[in-house]
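The residues making up each chain are set out below.
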Amino acid sequence: MASRRTKEFLQTEAAAWLADGVIEKRTHETLSERYAFTEFGFAGALRYIGIIGGLLAFFGIVGGIAAMTGSAFIGALVTGGIGYAAVKWGLRLAEDLQERYSTSSKIVVTLGVYLCGGGVAILLDSMGVKGSAAMHATFAVCLPAAFYLAYKSRNAYLLLLSVLTLFHWIGSWDGMLGRSTYAFGVQDPRLMWPAALAAVGVGVYHETDLYPETGRFYKVWQAVGLIYFNMSLLILSSFSGGDGMTMGWVALFTLACIAQIVAADHLQNGLIRGFGVTFLCINIFTRYHELFWKAMDVGTFLLAGGAGLLAFSGGLHYYLRYVSARRPS
């Protein structure tokens with residue numbers, strides 16, 4: 001979907017084309033309608049609140065009907081049927097050539113996919129498949145369909161939710177622990193970091209070989225993959241479980257951060273560079289804290305750490321300038 005600045009530019013150009021006789025009036029009207037821009041405003045907020053309220057009321061009615069039947073199988077069919085209808089409707093809205101439903105169509109498709117997933121889970125439960133077996137079966141059925149629909153409808157939001165669900169399936173979790181404390185965990189970081197690295201590779205492939213056909217999908221794969229990749233290595237370098245491998249994980253984490261900076265410089269990718277620099281600084285501070293926190297008072301600890309990071313950032317800055325100067329234009 002084009003940004004407001006792009007739409008303003010195209011509106012101006014279309015008017016100039018009409019004045020110069022390049023396009024006909026009917027074509028100008030079509031372009032003007034397609035690239036029209038409006039402020040969301042208070043009225044827009046009320047409209048979407050009303051839509052959400054209507055959907056919730058509809059789901060409540062359907063859920064009440066399914067509950068009255070007392071059959072989980074009927075509930076699964078109703079949930080899955082509504083999800084299927086929502087997916088078809090959303091994909092049809094996405095086909096509008098004037099892009100009038102570019103946002104709402106993606107929301108409808110995403111909602112439909114998750115309703116279908118809920119229907120599969122309810123159906124499995126009615127068949128006696130419980131616990132982790134039901135979860136694995138649901139993901140095995142629904143995730144391929146979600147990825148397919150994300151690419152078919154060019155729905156970056158659905159792709160993001162699908163990738164996050166994939167990593168959740170592999171072994172991640174998050175949630176609120178109370179008192180505004182947010183928890184992030186990885187069940188097996190040894191399994192997670194290579195899977196996340198593979199996701200980053202998929203993102204790089206999208207950027208170098210599939211763009212612009214797949215739009216900004218590469219950012220979804222790269223961002224989610226980099227988060228789990230770096231967080232997994234950070235966990236492994238900090239909590240080795242007493243297996244004597246702490247320094248090995250520290251070395252791997254450090255090399256991985258440096259590799260991200262080097263790869264970003266080669267690919268001219270600011271996202272990868274940002275993750276590499278950020279987690280390299282986190283890595284340095286973590287190691288510094290582990291080594292010197294108990295050996296220094298707070299003032300000396302902060303002064304020495306700040307001076308060290310300042311010197312490191314200055315050295316990195318001049319190194320990047322040196323590399324950029326040596327790169328052939």
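Everything discussed here concerns the structure shown above.
Notes on the structure in this doc start here. (Residues numbered from 1 in each chain as written. Predicted model: local features only at pLDDT ≥ 70, side-chain atom pairs only at ≥ 80, totals over all residues. Heavy atoms only, no water.)

## Concerning the overall build of the protein chain
No. 1: Of the regular secondary structure elements, the protein chain holds twelve helices and two strands.
No. 2: Per-residue burial over the protein chain gives 31% buried out of 329 residues.
No. 3: Pairs at least 24 residues apart make up 60% of the contacts formed inside the protein chain by residues separated by at least 6 positions.
No. 4: For the protein chain, the exposed surface amounts to about 20,100 Å²; the carbon and sulfur share of it is 67%. (Helix = DSSP H or I, 4+ residues; strand = E, 2+ residues; numbered from the N terminus. Buried < 20%, exposed > 50% of the residue type's maximum accessible area, 1.4 Å probe, protein only. Contact = heavy atoms within 4.5 Å. Areas by Shrake-Rupley, 256 points an atom, 1.4 Å probe, with all protein chains shown as cover.)

## Examining the environment of Leu 93
No. 1: Residue position: Leu 93 is located in helix α4 (residues 72-94).
No. 2: Owing to a relative accessible area of 16%, Leu 93 belongs among the buried residues under this scheme.
No. 3: Taking the C-alpha atoms as reference, Leu 93 lies 8.1 Å from Ser 104; in sequence the two are eleven residues apart.
No. 4: Setting aside residues up to four positions removed in sequence, Leu 93 forms contacts with Tyr 101 and Ser 105.

## Side note on the side chain of Ser 162
No. 1: Within the element layout of this structure, Ser 162 appears in helix α7 (residues 156-170).
No. 2: Side-chain polar atoms of Ser 162 contact the backbone oxygen of Leu 158, separated by 2.7 Å.
No. 3: The residues contacting Ser 162, other than those within four sequence positions of it, are Tyr 114, Leu 143, Ala 146 and Phe 147. (Polar contact = N/O pair within 3.5 Å; in protein donor to acceptor, adjacent residues only side chain to side chain.)

## Details of a nonpolar patch on the surface
No. 1: Together, Ile 258, Val 262, Tyr 319 and Tyr 322 give the surface a local cluster of nonpolar side chains, amounting to about 410 Å² of exposed area.
No. 2: Within the residue set of the nonpolar patch, elements represented by two or more residues are α10 (246-267) and α12 (298-326).
No. 3: Position of Val 262 among the secondary structure elements: in helix α10.
No. 4: Residue Val 262 is classed as partly exposed on the basis of its relative accessible area, which comes to 47%. (Patch = residues over 30% accessible without salt bridge, like charges linked within 9 Å, V, L, I, M, F, W, Y side chains within 5 Å. Salt bridge = Lys/Arg side-chain N within 4 Å of Asp/Glu carboxyl O.)

## Brief notes about the nonpolar core
No. 1: Grouped together as the largest cluster of nonpolar side chains are 39 residues, with contacts concentrated most on Val 113, Leu 159, Val 163, Phe 167 and Leu 233.
No. 2: For this core, the secondary structure elements donating two or more residues are α4, α5 (102-126), α6 (131-152), α7, α8 (189-210), α9 (217-238), α10 and α11 (270-292).
No. 3: If sequence neighbours within four positions are ignored, Phe 167 has contacts with Ser 172, Met 192, Ala 195, Ala 196, Ala 199, Val 224, Gly 225 and Tyr 228. (Core = buried A, V, L, I, M, F, W, Y, C linked by side-chain atoms within 4.5 Å.)

## Topic: the packing of α5 against α6
No. 1: As a packed pair, α5 and α6 sit with axes 9 Å apart at the nearest point and diverge in direction by 155 degrees. Taken together, the axes of α5 and α6 lie roughly antiparallel to each other. Here the hand of the crossing between α5 and α6 comes out right-handed. Each of Val 113, Cys 116, Gly 117, Val 120, Ala 121 and Leu 124 in α5 lies in contact with α6, whose residues at this interface are Ala 134, Ala 137, Thr 138, Val 141, Cys 142, Ala 146 and Leu 149.
No. 2: Of the residues contributing to the contact of α5 with α6, the split by class is eleven nonpolar, two polar and no charged. (Axes fitted to C-alpha atoms, helices over the stretch in contact; angles between N-to-C directions. Parallel < 35°, antiparallel > 145°, perpendicular 65-115°, else oblique. Left-handed = near helix turned anticlockwise from the far one by under 90°. Nonpolar A, V, L, I, M, F, W, Y, C, P; charged D, E, K, R; others polar.)

## Quick look at the packing of α6 against α7
No. 1: Following both chains from N to C, one finds α6 and α7 inclined at 155 degrees, their axes separated by 9 Å at the closest point. Here α6 lies roughly antiparallel to α7, going by the angle between them. α7 is crossed by α6, and the crossing has left-handed handedness. On α7, the residues that touch Met 135, His 136, Phe 139, Ala 140, Leu 143, Ala 146, Phe 147, Leu 149, Ala 150 and Tyr 151 of α6 are Leu 158, Leu 159, Ser 162, Val 163, Thr 165, Leu 166, His 168 and Trp 169.
No. 2: When grouped by side-chain class, the residues that make up the contact of α6 with α7 number 14 nonpolar, four polar and no charged.

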